[in-house]
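Breakdown of the fold
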Amino acid sequence: MNFYIKTYGCQMNVNDSEKIRHILESRGGHHCQNESQADIIIINSCAVREKAQEKIFSYIGRISSDKKIIVAGCVAQSEKKAILSRSPAVDFILGTHQYSRIHSVIDLIANQNTKEVWAGFTKKWVELYPDSESRTSAVSGYISIMEGCNNFCSYCIVPFTRGREKYRPYEKILEEAAYLSDKGYKEIVLLGQNVNNWEDRINRKTFPQLLGILAEKTRVRWIRFITSYPGYFDEELIEVMSQYKNITRHIHFPAQSGSTRVLKKMNRSYRRKDYIQIVNRFKRKIPEMKFSSDFIVGFPGESRYDFQLTLSLIRHVEYESVFSFVYSPRNYTRSFLQPDNVPLEVKKDRLYELQKIQEEIQLKNNRKLIGQIVEVLITRKNPKRQGEVIGRTESHRVVNFRSGALAGEFRPVLIENVGPHSLRGVDIG
Ligand code: SAH
Ligand code: SF4
Ligand code: F3S
């Protein structure tokens, strides 16, 4: 059986695709590098914004008619049967909590033509992790530690695609971390919609404790985690991060807005002032700490003044990078039916303005690195330039540089020139 997985969306989807691939490969399936060689196409979809959701339908339209198509992921979970009526070419719908049954799906669609939807939520954590052969990277390994979300931000579909929060047991996380470290992984990334809300009640462990134990026990050089919710912040996290050098000095810390009034409308549980206080505490305890964030612009009711508060927050924190989006109304969410008084043109102008300011900040900060030596983890060869590799810094900056070293090596790199989005230099090791 030849299969191909097309993955959209966040790192959790990437990790889920690795799990699906692992199950199928361990049952004799062959993972193909492109669609044309495959008999079965599995689409792991993302529903977070309208555009992301539409992508999968146009992708389905381009698949040749002799292939079987399984739609998995967040759109499968939220839209279920509606996908079958919109795209009759689809053979099966598999929700986000059903991946451990993927092999049965393959058997079913091979033997009969009935179309089914399996999209129930499971109550318990389903334990499974991919071996190194089924992963996309041999350098950086994902470890899911929790899934789901209880926050119900008023704009967000994720609670409807991933269900309520479920936490992976402590010893299983340690087991996967040890596995990746034995396989020579240089970086692990703990995944979840709200990682800092993780806990293991049986073993009485909190997220900062988990991080500390991982930092102590695994030989992996860089430990990262995404995504942290600012409303659940715990002072102990700053303490643990300051103690261990192998926890990266970088946190993805989505603010969404710099205006308390808008944050309230978004049903985020913190105020502008709480957010700034956490950032300031971090900077006081760990001066080299870097931040990145997500922002939604043009949320219904966002005034010019609210938007200016977002810009001032961006200027205050000086983020390493920012993902910013125009608000996209999503079915099932609380703000879906709310009147929206911000015209689309205004939303787009604000997005442009925000991104321009962020670019200036990145360029300014990147320029300070010219002539300096930074540590870079090589992730791959540069496919376009011979003798060059691509890597990332501890704060997740992209660096292109001349080097004879291989993926997975940490190298000292002299930065020669920079743009807003990447650095360029030479290996001086
Ligand atoms: N759990 C993460 C977010 C996951 S979704 C958190 O709480 O930060 C990733 C990002 O998509 C969000 O941070 C948000 O900025 C954006 N997003 C989510 N819903 C959106 C919507 N309806 N319109 C525009 N952007 C949205
Ligand atoms: Fe969505 Fe909010 Fe949950 Fe993040 S915290 S996944 S934005 S509901
Ligand atoms: Fe998208 Fe689902 Fe991730 S909606 S962002 S793939 S959790």
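All figures in this text were calculated on a predicted structure; none of them were measured in a lab.

**With respect to the sheet that holds strand β10 (residues 187-191)**
Spatially, β7-β10-β13 is the arrangement adopted by the three strands of the open sheet, whose pairing is parallel. Of all the strands in the sheet, the pair left with one neighbour each is β7 (140-144) and β13 (222-226). Taking each pair of neighbouring strands and ignoring which way they run, the sheet shows an average axis angle of 25 degrees. With five bridges connecting them, β7 and β10 associate as parallel partners. For Y142, the partnering residue across the bridge sits in β10 and is V189.

**Remarks on the site of ligand 2**
All residues in the neighbourhood of ligand 2 are listed as C149, N151, F152, C153, Y155, C156, V158, P159, N194, Y229 and R268. Taken together, the residues of the shell around ligand 2 sort by class into eight nonpolar, two polar and one charged.

**A closer look at the pattern of salt bridges**
Oppositely charged side chains may form a pair once their charged atoms are brought near each other. Overall, the coordinates contain 27 salt bridges when judged by the stated rule. Note that E176 is salt-bridged to R168, the shortest N-O span being 2.7 Å. Assessed through its relative accessible area of 2%, E176 is described here as buried. The residue D306 makes a salt bridge to R261 at a minimum N-O spacing of 2.5 Å. Of the two residues, D306 is situated in helix α12 (residues 304-317) and R261 in helix α10 (residues 260-265); the sequence distance between them amounts to 45 residues. The class for D306 is buried, based on a relative accessible area of 2%. With relative accessibility at 43%, the residue R261 sits in the partly exposed group.

**Things to note about helix α11 (residues 272-285)**
Its 14 residues place the ends of α11 20 Å apart at the C-alpha level, agreeing with the 20 Å of an ideal helix rising 1.5 Å per residue. Among all positions in α11, only R272, Y275, I276, I278, V279 and F282 are buried. Within α11, the buried residues cover an arc of 155 degrees as seen down the axis, which keeps them to one side. In α11, the exposed positions angled more than 90 degrees off the buried face are occupied by K273 and R284.

**Remarks on the pairing of strand β16 (residues 321-326)**
In terms of strand pairing, strand β15 (residues 290-297) meets β16 through six bridges, oriented parallel. Of the residues in β16, the one forming a bridge with S292 is S321. In this fold, β15 hands off to α12, which returns the chain to β16; that crossover is right-handed.

**Describing the domain arrangement of the protein chain**
When the parts of a complex come together, some accessible area is lost, and that lost area is often used as the size of the interface. According to the domain assignment, the protein chain contains domain 1 (2-118), domain 2 (132-367) and domain 3 (373-427). The interface is formed by 17 residues belonging to domain 2 together with 19 residues belonging to domain 3. Carbon and sulfur atoms supply 54% of the area buried between domain 2 and domain 3, which totals about 1,600 Å² over both sides. There are two salt bridges connecting domain 2 and domain 3. Its salt-bridge partner being E375, residue R221 comes within 2.0 Å of it at the nearest N-O pair. Counting across the domain 2 and domain 3 interface gives 12 residue pairs in polar contact (both at pLDDT 80 or more). Elements supplying a minimum of two residues to the side of domain 2 that touches domain 3: β13 and α13 (344-367). Counting residues per element, the side of domain 2 that touches domain 3 draws most heavily on α13, which supplies five residues. Of the residues belonging to the side of domain 2 that touches domain 3, the class tally is four nonpolar, four polar and nine charged.

**Details of the site of ligand 1**
Neighbouring ligand 1 are 15 residues, the closest being Y155, Q193, Q256, D294 and S328. Contacts to ligand 1 include Y155, whose backbone N or O atom sits 3.0 Å from a nitrogen atom. The separation between a nitrogen atom of ligand 1 and a polar main-chain atom of Q193 is 3.0 Å. The fraction of the free accessible surface of ligand 1 (550 Å²) that becomes covered by protein chains is 88%. Taken together, the elements giving at least two residues each to the shell around ligand 1 come down to β15 and β16. For the shell around ligand 1, the per-class residue count stands at seven nonpolar, four polar and four charged.

**Things to note about the side chain of Q77**
Assignment of secondary structure puts Q77 in helix α3 (residues 73-79). Here Q77 is in contact with G95, T96, H97, A119, F121, F160 and T161, once residues within four sequence places are set aside.

**With respect to the packing of α12 against α13**
Their axes nearest at 10 Å, the elements α12 and α13 cross at an angle of 15 degrees. In terms of their interaxial angle, α12 and α13 are classed as roughly parallel. At the point where α12 passes α13, the crossing takes the right-handed sense. Facing α12, whose interface residues are R304, F307, T310, L311, I314 and R315, α13 presents R350, E353, L354, I357, Q358 and I361.

What counts, and where the lines are drawn
Residues numbered from 1 in each chain as written. Chains lettered and ligands numbered in written order. Predicted model: local features only at pLDDT ≥ 70, side-chain atom pairs only at ≥ 80, totals over all residues. Heavy atoms only, no water. Pairing = 2+ DSSP bridges. Helix = DSSP H or I, 4+ residues; strand = E, 2+ residues; numbered from the N terminus. Axes fitted to C-alpha atoms, helices over the stretch in contact; angles between N-to-C directions. Near = heavy atom within 4 Å. Nonpolar A, V, L, I, M, F, W, Y, C, P; charged D, E, K, R; others polar. Salt bridge = Lys/Arg side-chain N within 4 Å of Asp/Glu carboxyl O. Buried < 20%, exposed > 50% of the residue type's maximum accessible area, 1.4 Å probe, protein only. Expected span 1.5 Å × (residues − 1). Arc of directions from axis to C-beta. Right-handed = clockwise from strand over helix to strand, strands pointing away. Domains from an automatic or database assignment. Contact = heavy atoms within 4.5 Å. Buried area = accessible area lost by both parts, 1.4 Å probe. Polar contact = N/O pair within 3.5 Å; in protein donor to acceptor, adjacent residues only side chain to side chain. Areas by Shrake-Rupley, 256 points an atom, 1.4 Å probe, with all protein chains shown as cover. Parallel < 35°, antiparallel > 145°, perpendicular 65-115°, else oblique. Left-handed = near helix turned anticlockwise from the far one by under 90°.

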